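Each chain is listed here by its residues.
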Amino acid sequence: MKSAVSEPTFSIGTAARLTGIPVDTLRVWERRYGLTQAALSPSGQRLYSAADVQRVALIKQLTDLGHAIGQLAGLDMAALLAAMDAPVG
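Each value, and the rule that gives it
- Residues numbered from 1 in each chain as written.
- Predicted model: local features only at pLDDT ≥ 70, side-chain atom pairs only at ≥ 80, totals over all residues.
- Heavy atoms only, no water.
- Core = buried A, V, L, I, M, F, W, Y, C linked by side-chain atoms within 4.5 Å.
- Buried < 20%, exposed > 50% of the residue type's maximum accessible area, 1.4 Å probe, protein only.
- Helix = DSSP H or I, 4+ residues; strand = E, 2+ residues; numbered from the N terminus.
- Contact = heavy atoms within 4.5 Å.
- Axes fitted to C-alpha atoms, helices over the stretch in contact; angles between N-to-C directions.
- Parallel < 35°, antiparallel > 145°, perpendicular 65-115°, else oblique.
- Left-handed = near helix turned anticlockwise from the far one by under 90°.
- Nonpolar A, V, L, I, M, F, W, Y, C, P; charged D, E, K, R; others polar.

Caption draft 1: Molecular detail of the nonpolar core. If you look at the biggest cluster of nonpolar residues, it comprises 18 residues, and the most contacted ones within it are Leu26, Trp29, Leu35, Tyr48, Ile59, Leu62 and Leu80. Looking at this core element by element, the count peaks at 5 residues for helix H3 (residues 50-64).

Structure (structure tokens):
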């Protein structure tokens, strides 16, 4: 018998609530900047992993501090964490 361990996934609405980013903004950031590689459900709904949600929440914090989304979207978690200590400019 197979035991499938699946990673938790969140709908775009749940991801929006968890990160404080409106659904429309998440969609725009994905389209313009390739923010995440959200999986799609069989019905076409975006599904975010816990790691996606954590990364997007960090990007939200950084944009709130004045960093540009275009400069953040392609960064990995290590670079995003380092940006928390970098001056905005």
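Continuing now.
Caption draft 2: Region of the structure containing the side chain of threonine 63. Its place among the elements puts threonine 63 in helix H3. Aside from chain neighbours lying at most four places away, what touches threonine 63 is Trp29, Ile69 and Leu72.

Caption draft 3: Spatial organisation of the packing of helix H1 (residues 12-19) against H3. Look at H1 against H3: their axes get within 9 Å of each other, and the N-to-C directions meet at 45 degrees. On the basis of their axis angle, the class for H1 and H3 is oblique. Where H1 crosses over H3, the two elements pack in a sense that is right-handed. Contact residues: Ala15, Leu18 and Thr19 in H1; Val53, Val56, Ala57 and Lys60 in H3. Residue composition of the contact of H1 with H3, by class: 5 nonpolar, 1 polar and 1 charged.

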